[in-house]
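Structural description and commentary
For reference, the chains in residue letters:
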Number of protein chains: 8
Amino acid sequence: MNQSASEFLDIGVARVDVGRRDRCGFPEVIFGPGKTPEDLARIARTIVDRHGVVLATRVDPAQAHAVCEAIPEAVWHERARCVTVEREPLPKYDGAVAVVCAGTSDLPVAEEAAVTLDVLGNRVERFFDVGVAGIHRLLAVRDAIEACNAVVVVAGMEGALPSAIAGLVSKPVVAVPTSVGYGASFGGLAALLGMLNSCGSGVTVVNIDNGFGAAYSAATINRLLHLAAHRE
Amino acid sequence: MNQSASEFLDIGVARVDVGRRDRCGFPEVIFGPGKTPEDLARIARTIVDRHGVVLATRVDPAQAHAVCEAIPEAVWHERARCVTVEREPLPKYDGAVAVVCAGTSDLPVAEEAAVTLDVLGNRVERFFDVGVAGIHRLLAVRDAIEACNAVVVVAGMEGALPSAIAGLVSKPVVAVPTSVGYGASFGGLAALLGMLNSCGSGVTVVNIDNGFGAAYSAATINRLLHLAAHRE
Amino acid sequence: MNQSASEFLDIGVARVDVGRRDRCGFPEVIFGPGKTPEDLARIARTIVDRHGVVLATRVDPAQAHAVCEAIPEAVWHERARCVTVEREPLPKYDGAVAVVCAGTSDLPVAEEAAVTLDVLGNRVERFFDVGVAGIHRLLAVRDAIEACNAVVVVAGMEGALPSAIAGLVSKPVVAVPTSVGYGASFGGLAALLGMLNSCGSGVTVVNIDNGFGAAYSAATINRLLHLAAHRE
Amino acid sequence: MNQSASEFLDIGVARVDVGRRDRCGFPEVIFGPGKTPEDLARIARTIVDRHGVVLATRVDPAQAHAVCEAIPEAVWHERARCVTVEREPLPKYDGAVAVVCAGTSDLPVAEEAAVTLDVLGNRVERFFDVGVAGIHRLLAVRDAIEACNAVVVVAGMEGALPSAIAGLVSKPVVAVPTSVGYGASFGGLAALLGMLNSCGSGVTVVNIDNGFGAAYSAATINRLLHLAAHRE
Amino acid sequence: MNQSASEFLDIGVARVDVGRRDRCGFPEVIFGPGKTPEDLARIARTIVDRHGVVLATRVDPAQAHAVCEAIPEAVWHERARCVTVEREPLPKYDGAVAVVCAGTSDLPVAEEAAVTLDVLGNRVERFFDVGVAGIHRLLAVRDAIEACNAVVVVAGMEGALPSAIAGLVSKPVVAVPTSVGYGASFGGLAALLGMLNSCGSGVTVVNIDNGFGAAYSAATINRLLHLAAHRE
Amino acid sequence: MNQSASEFLDIGVARVDVGRRDRCGFPEVIFGPGKTPEDLARIARTIVDRHGVVLATRVDPAQAHAVCEAIPEAVWHERARCVTVEREPLPKYDGAVAVVCAGTSDLPVAEEAAVTLDVLGNRVERFFDVGVAGIHRLLAVRDAIEACNAVVVVAGMEGALPSAIAGLVSKPVVAVPTSVGYGASFGGLAALLGMLNSCGSGVTVVNIDNGFGAAYSAATINRLLHLAAHRE
Amino acid sequence: MNQSASEFLDIGVARVDVGRRDRCGFPEVIFGPGKTPEDLARIARTIVDRHGVVLATRVDPAQAHAVCEAIPEAVWHERARCVTVEREPLPKYDGAVAVVCAGTSDLPVAEEAAVTLDVLGNRVERFFDVGVAGIHRLLAVRDAIEACNAVVVVAGMEGALPSAIAGLVSKPVVAVPTSVGYGASFGGLAALLGMLNSCGSGVTVVNIDNGFGAAYSAATINRLLHLAAHRE
Amino acid sequence: MNQSASEFLDIGVARVDVGRRDRCGFPEVIFGPGKTPEDLARIARTIVDRHGVVLATRVDPAQAHAVCEAIPEAVWHERARCVTVEREPLPKYDGAVAVVCAGTSDLPVAEEAAVTLDVLGNRVERFFDVGVAGIHRLLAVRDAIEACNAVVVVAGMEGALPSAIAGLVSKPVVAVPTSVGYGASFGGLAALLGMLNSCGSGVTVVNIDNGFGAAYSAATINRLLHLAAHRE
């Protein structure tokens, strides 16, 4: 590995890691909070000029507006709180990734995962409003989930859904606890602990509300599967 | 209500609340930890002489031995860590209470619940080794659980079982988190938080490992149902 | 049990569990937070058209307005933060449920419990402003509480009230910790832990501020008692 | 205030604060844990030679043995885990201090408080086995508690007893949470938080299991009252 | 003790404990949060009509305005967030209570303590801006603090001040942790834990920001001392 | 999906999920704690008779002895605390999985992961004693890690290693926090939180010390890649 | 040491410790929160009149405006949230202090450190946007950091940067966790715990977001080095 | 910086970082827990053969015995739980480092700091048994502490000592919280939080009981001062 300091582009407010796509398979992703709309737009333009594709997450309306002004192809996914630019889209993979969601309140996080997966080249299958307290809804979609290459499960409150799904399918399950709930949910802590203690083998977990991280991990898997299938 | 101080019997080491059975329906229950075997045996004998029935929980072998020496009819339930005496058994109720258990490691707590229910006059239906990660085991016993008057659900790790059961049956569900687990289970905290945040309507929760408390609550319900059915 | 996928009604924003009333005895209840007023109104209309009765909890004024616009019979219970529709009211049960409350600050949670009990067919007896620091207020109403079939106890701060009540009555006690307090109340954690460690036998607990859940559990008990008494 | 460095006596293992009695009214108290039996005996002898009175708390049997060997007048209070020496006893005060205790498991902490009060010159009134779940036991002793000058209340589990007592008497109430309990008692945290959130006005709290600290505070009050009454 | 239900006055929004002054020495105190301005004013008027004196704490400007409109003699202590009415002031005690404060940010809590002490009949000596990091400021006022009958110490951040003071004076020290700080102060938790673990003998602690509670406890002590000195 | 109750084999102490291999790709794994040696041996024999392969984790020496007595082919991996039986080994996959480890103290958890991977048919590449404080050790093995299909990273203390690795390679990284550390590591909590907050995109996390779970997840990925490459 | 009470200047709202510069090497620093703009300006003027130099941290715009109105030389550092006055600047030291920063979101805290260092007489070398997930950015600046006398490392999320730096340089490293992050970062707790458990020898830590404290400590070191080099 | 992989010496159980002394100024230090006596002795011998000096911390008696058997010059510091070997001692520095300690129970941690400082070439001044509750002991040694180049302050319980010292001296203060205490000390958490929230400017903190880490940081400072003074 022979990475050098010239892989970084200094644009004043940040040193953009323009070598990351070569090293890790995807370009650097922008995390919105704490950046001024102008800075965020400038960083986005720097990345899109280099790679033709951008994903910014946790973007508020003012930031989204600034990026859309600066880059005509930018798309503002309001519910997902993301902005994407696909001037030169990443290659699309054969397989799909399932995004499963326990309740309507979990939609913003589930959509963040879905938008991330989409821009990273994955086909997304959405299974929203599937919960443990109504187990038959889950059984009804079990085969459709199994047909995907990886599963992102988003759930708040007690976070029991990933355990139930991991017991039904043979694909990697990445669980995202959400901060949905009140009282003893302690901002998603209950769901997080529930998922970490899952009795379902092989469930892995990301930070509370981190739909992006789960999608990124699932996309890594789906991409490897695509490459494996197309390697001769 | 005209309770007087003479309802208490002072036996030196404790003032036994001998009026409790009239007030609350059941005699006072003995909590073992921190009592010497001799003191525990003395308290047990005082209660059995008054009421003909005793339940002692969290009893260690030395304590159990002392009680069994002092009271010939005493029975030592080793796995449940309980001692019972039924010289004059409490009346038996018509209905049954289900005790559902997520894993073999939860057995001590589930048995504490079952022994408590039994001595309090309830028929007990045990459904052990039913977990969320193998949902079909649960569906297979759903109707048998629904046939009971109340359900005690004992579960460690992520504590998801009560949610799943509450979505399937119409009876009161009392959830008992257990300290089974490791790491981020934090001694049962994960299961406790999971149950408190249950998406299943009407699940109520007791302290970690408190099989007795859940059984007591379920017995109260079953007793009221018995009385309601036999009242003319 | 032969539930099928056709028990679910897909209305776009949510797949409503229209089979729940048959399975669990009550139709699905709507949790307000995170839903747009329009979505909430649409879900409410779907349920009321199927079952003739709706309960929505944690409803903010804008949501309440939308539901009341969409359904003429809708009632907005401001202090309880609930909307109810009783086009075809549920059957009323003989017995009453007590709602006991430690202080005026706990009223919103106590009212959520009371409104829930009411729409589910229960007669409600309110005992508000009864606290442990003024024990004589409690003793004065002890017999009236005992006359109910179940007791919902709502308390913030140190959450000691359920212990005191459980020592005085023979009916099931469901405790609701509230987030009332400051400093080391840690948003209701102190009350929650206090209730879970209650020295009163048979106290069960629900999530912080979850008046609905406690009421639902108490209603389940009251309904079973009604059925037991009327079964011949 | 003109305290000088010569108020300290260097005995190798510790610099004993021999001026403390003049400054604060009581000589320095020895905390046992982490000291070798020999060191503890040496410190005790240094203090008793200066002041004629010693209190050592949290003393284990080996430490107690060493002190009793070194000082003939030493007394080992086993349940309280204290050693006292009263070669020249402190003056006795007129008034009494109440020590109230919620359960037999709280006895070691309550006895630590009682022994501390005794050696500091206070008359002690013990009210053990008085709990919130059996409120009539408490009402029966209310007047006897009110007759004391200060009240130390020791309680584990939910720690509700101080609130109930503070609502009944007009004397200062010092609450001691104990580590008695299991599960969500979290080693006394539940009782501690309960007491800090007490709805009873004027309850003050000390560390978990700190019977000594509560007694010391109550003794300070009782001593001031004695001085006030005897000042002419 | 022969307290009856007629000691309570039902004013619709609350059952005022009008017998409390006889039982505990002070009338009931009003806690502002969660009450409408109208309700608070009504409760205040009820109490002042009975006892001639009122203290309301944590009062916001709108509530204060309502009380001042309703009761001409009402005084709004802005920094202390209290309203007092002294139509018939309580008797004044001889001795003083010290209020010691670690920093200017702790002033609101210290003032709540001072106003509470004042209305309860105590002379208040204020020692503000005395901290552990500048120990000489503390030594300079040591004798003046010792001259008081009790000491209320208010401190945020690491909460070390009560330990330092308890090592210098012989009077009861009541410590109030404040929520002043940031980061790992966790809303006053650091100060609270520091005070509970104080190495100074006899320090007792109240809830975070609870200036009222500390003052109430100190007032109880000062009142007893006054009574002891004036009893012949 | 047409799973039936006959997929379960009732052997008294447990209902073994013998259908799991078909549903999820691997047979049921045995978690040792809380099982008697005899029960564990019986469960192991039941599974090996059905599937020819067994993995038991967190096995203590007495349990291991019992299994090895009962099943001649059983192997006791002492450092990993695992027992494996490979009477009919699972098929071997082409790709390798890397197990990276931050320090010698993390070896038991890393070995649990390695043994699990091995029995599940994966080639294992061990990279032990690679830490963030000596970054050059990590850079030296970067290419060898990248050559694997998935990476299990085991680390205690501050848990920073997964972030560093995720920034260097393009493969899925599953992080395992360990309970190695003292003081503010709080039994692995510091490492767990560090990994959940990883700035490295796509890191997923399992429970503290859960080497098995991370390995299971990595094996799922490696197996899918094998299948994808061999599908024609 | 012969400090007297006359070292304090009473200005009504505060007793300014004007002797602190002699005792500790730097004048008293003003912490903004909780002070009115007027009080803050007054305190600032008192200090600048005595010492000719002022640093106020956590200053909001209104406070900054008031100080700048009152003191013409005052400078408002907006991003750092500091106001400085250098009417008579402190002596400048030879050596430099490095301020290293993990991400653009950490800039306010890093700037607080840099401004503090500057006013205290230190040359500041800024290394911003250097993170563990892009290790090559760090290696590229390693020698420049080593050339400084002390290193302040500011990092949020998992807080891994100080460990990596401590393994590369021989200078004292002071770590500042920041509250940057979401979910399981718990307001900076994850970064704080990570830094406290650093595997890098000799890393010391300050409170979350406490850029000032870290800078103050580094300045103390740099000043001593300057004095040591210039002492003959 | 031109470090290569050959700087590491692979001895089977560990890859020893033999280049660390050149990079960071001190050779690698051995952390005892989790290593077999044989492995620890082997690692120690490897390091001493390369550098002539070894420090192993948290060493239990069996480990110490193994090292002393293997290396004749090894010294076992029992109270400090350290083993040192100084075959070729490190150069000695001119200045001293103060180790200040709040109580006899803190001695093991204070001694770990002192032994570490000694082997790293520093003169150590011990100030043991100096606490905040007896402030005059501290004032008596203030000038002797100020004469040192850096101060390590070890304290349990409320951890207030560093604040008091930082207000009195001008040297860098490194604070070590200890796990000494009980109840709400939560294993040293109270002391840790107290130190992080210190009102004393420039206090930095290390992990609970980490005497080594604090000493290492202080030694780094003392070494730089020595170098600065001897550079011409």
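Residues numbered from 1 in each chain as written. Chains lettered and ligands numbered in written order. Predicted model: local features only at pLDDT ≥ 70, side-chain atom pairs only at ≥ 80, totals over all residues. Heavy atoms only, no water.

Here's the deal with the overall build of chain A
Selection rule: In this text, helices come from DSSP runs of H or I with a minimum length of four residues, and strands from runs of E with a minimum of two, each type numbered from the N-terminal end. Here the term buried applies to any residue with accessible area under 20% of the maximum for its type, exposed to any over 50%, and partly exposed to those in between, with areas from a 1.4 Å probe on protein chains only. Whether two residues are in contact is decided by their heavy atoms: any pair within 4.5 Å suffices. Here the accessible surface of atoms and residues is derived via Shrake-Rupley with a 1.4 Å probe, and residues count as covered only by protein chains that are part of the display.
Secondary structure summary: chain A contains eight helices and eleven strands in total. A buried classification covers 69% of the 232 residues belonging to chain A. The contacts of chain A with a sequence gap of at least 6 include a subset with a gap of at least 24, amounting to 66%. When the accessible surface of chain A is summed, it comes to about 7,300 Å², and 49% of that surface belongs to carbon and sulfur atoms.

A short note on the relation of the copies chain C and chain B
What counts here: For this overlay, a least-squares fit was computed on C-alpha atoms, restricted to residues scoring pLDDT of at least 70 in both copies.
Of the two same-sequence chains, chain C is brought onto chain B (RMSD 0.0 Å, axial shift 0.0 Å) by a rotation of 180°. The transformation relating the two chain copies, once decomposed into turn and shift, fits a two-fold axis. When you check the interface residues of chain C against chain B, 100% turn up at the interface there too, and the contact is symmetric in its surfaces.

With respect to the environment of glutamate 158 of chain G
Residue and element names in this part refer to chain G. In this fold, glutamate 158 is placed in the loop between β9 (150–155) and α6 (161–166). We classify glutamate 158 as buried; its relative accessible area is 3%. Spatially, the C-alpha atoms of glutamate 158 and histidine 65 are 36 Å apart, while their sequence positions differ by 93 residues.

Brief notes about the interface of chain C and chain B
For interface size, the figure often reported is the accessible area lost on association. Just so we agree on the cut-off: When two parts are brought into contact, each loses some accessible area as probed by a 1.4 Å sphere; the total of that loss over both is the buried area. Throughout this description, a polar contact denotes any pair of N or O atoms lying within 3.5 Å of each other; where both atoms belong to protein, one of them has to be capable of donating a hydrogen while the other can accept it, and for residues adjacent in sequence the pair is counted only when both atoms sit in side chains.
Counting from both sides, the interface comprises 37 residues of chain C and, opposite them, 37 residues of chain B. Of the roughly 3,000 Å² buried where chain C meets chain B, counting both sides, 62% is carbon and sulfur surface. For the pair chain C and chain B, the interface holds four residue pairs in polar contact (both at pLDDT 80 or more). Those elements that place two or more of their residues in the side of chain C that touches chain B are α1 (20–24), α5 (135–146), α7 (189–196), β11 (203–205) and α8 (211–230) of chain C. Top element by residues in the side of chain C that touches chain B is α8 of chain C. It accounts for eleven residues.

A look at the packing of aromatic side chains
The geometry of two aromatic rings is summed up by the distance between their centres and the angle between their planes. Note the cut-off: Only rings of Phe, Tyr and Trp enter the pairing, Trp through its six-membered ring, and a pair is recorded when the two centres are within 6.5 Å. The plane angle decides the type: under 30 degrees is stacked, over 60 is edge-to-face, the rest tilted. Consider the ring centre and the ring normal. A charge sits over the ring if Lys NZ or Arg CZ is within 6 Å of that centre and within 35 degrees of that normal.
Tallying each qualifying case throughout the model produces 16 aromatic pairs over all chains. Aromatic pair phenylalanine 212 of chain F and tyrosine 216 of chain F: ring centres 5.7 Å apart, planes at 65°, arrangement edge-to-face. Of this pair, phenylalanine 212 of chain F and tyrosine 216 of chain F both sit in helix α8 (residues 211–230), four residues apart, roughly one helical turn. You can call tyrosine 216 of chain F buried: its relative accessible area is 4%. Directly above the aromatic system of tyrosine 182 of chain C lies the positively charged group of arginine 58 of chain E, at a separation of 4.2 Å from the ring centroid.

Some remarks on the sheet that holds strand β5 (residues 75–77) of chain D
All names here are of chain D. For clarity, the cut-off: Two strands are said to pair when DSSP picks up at least two bridges between them. Whenever a helix is involved, its axis is fitted only over the stretch in contact; in every case the axis is a line through C-alpha atoms, and angles between N-to-C directions fall within 0 to 180 degrees.
Read across the sheet, four strands follow the order β3-β4-β6-β5 without closing on themselves; strand pairing throughout is mixed. Because the sheet does not close on itself, it has two edges, and the strands there are β3 (30–31) and β5. Bridge count for β5 against strand β6 (residues 82–86) is three bridges, and the pairing is antiparallel. The partner of valine 75 across the bridge, within β6, is threonine 84. Along the sheet, helix α4 (residues 107–119) makes contact with β4 (53–57), β5 and β6, crossing β6 at roughly 10°.

Side note on unusual backbone geometry
The phi dihedral of arginine 81 of chain D falls on the positive side, at around 55°, and the residue is not glycine. According to the relative accessible area criterion, arginine 81 of chain D is partly exposed, its value standing at 29%. Of note in the backbone geometry, phenylalanine 186 of chain H takes a positive phi value of approximately 45° without being a glycine. Relative accessible area serves as the criterion here: at 29%, phenylalanine 186 of chain H is assigned to the partly exposed category.

Here's the deal with helix α7 (residues 189–196) of chain F
Counting buried positions over the eight residues of α7 of chain F gives seven, a clear majority of the element. Within α7 of chain F the residues assigned to the buried category are Ala190, Ala191, Leu192, Leu193, Gly194, Met195 and Leu196 of chain F.

Observations regarding the sheet that holds strand β4 (residues 53–57) of chain H
Residue and element names in this part refer to chain H. Strand order in the open sheet formed by four strands is β3-β4-β6-β5, with mixed pairing between adjacent strands. Taken across any chain shown, the strands that pair with only one partner, and hence form the sheet edges, are β3 (30–31) and β5 (75–77). Along the sheet, helix α2 (residues 37–51) makes contact with β3, β4 and β6 (82–86), crossing β4 at roughly 150°.

A closer look at the side chain of arginine 142 of chain C
Among the secondary structure elements, arginine 142 of chain C is positioned in helix α5. Separated by 2.7 Å, the side chain of arginine 142 of chain C and the backbone oxygen of leucine 168 of chain C make a polar contact.

Some words on the pattern of salt bridges
For clarity, the threshold we go by: When a carboxyl oxygen of Asp or Glu lies within 4 Å of a side-chain nitrogen of Lys or Arg, that pair is called a salt bridge.
For the structure shown, the criterion picks out 80 salt bridges over all chains. A salt bridge links arginine 123 of chain D to glutamate 125 of chain D; the shortest N-O distance between them is 3.4 Å. Judged by relative accessible area, arginine 123 of chain D falls into the partly exposed class, the value being 43%. Judged by its relative accessible area of 31%, glutamate 125 of chain D falls in the partly exposed class. Among the ionic pairs, glutamate 111 of chain F bridges to arginine 126 of chain F, the shortest N-O distance being 2.9 Å. Of this pair, glutamate 111 of chain F sits in helix α4 (residues 107–119) while arginine 126 of chain F sits in strand β8 (residues 123–127), and the two are 15 residues apart along the sequence. Glutamate 111 of chain F sits in the buried class, given a relative accessible area of 16%.

Some points on the confidence of the model for chain A
Residues and elements named next belong to chain A. Short version of the rule: Per-residue confidence from the predictor is reported as pLDDT, which spans 0 to 100.
Summarising the model, chain A shows a mean pLDDT of 88, and 88% of its residues fall at 70 or more. Segment residues 1–8: pLDDT under 50, and 22 contacts once partners within four positions in sequence are set aside and those in other chains are kept. Both scores are given for the predicted complex: the pTM is 0.92, the ipTM 0.89.

Here's the deal with the packing of α4 of chain D against helix α8 (residues 211–230) of chain D
Residue and element names in this part refer to chain D. Rule in force here: Crossing handedness: left-handed means the near helix sits turned counterclockwise from the far one by under a right angle, and right-handed means the same turn made clockwise.
For the pair α4 and α8, the least separation of the axes is 8 Å and the interaxial angle reads 35°. Considering the relative orientation of α4 and α8, their crossing is right-handed. Only Gly211, Phe212, Ala215, Tyr216, Ala218 and Ala219 of α8 make contact with α4, whose side of the interface consists of Val109, Glu112, Ala113, Thr116 and Leu117.

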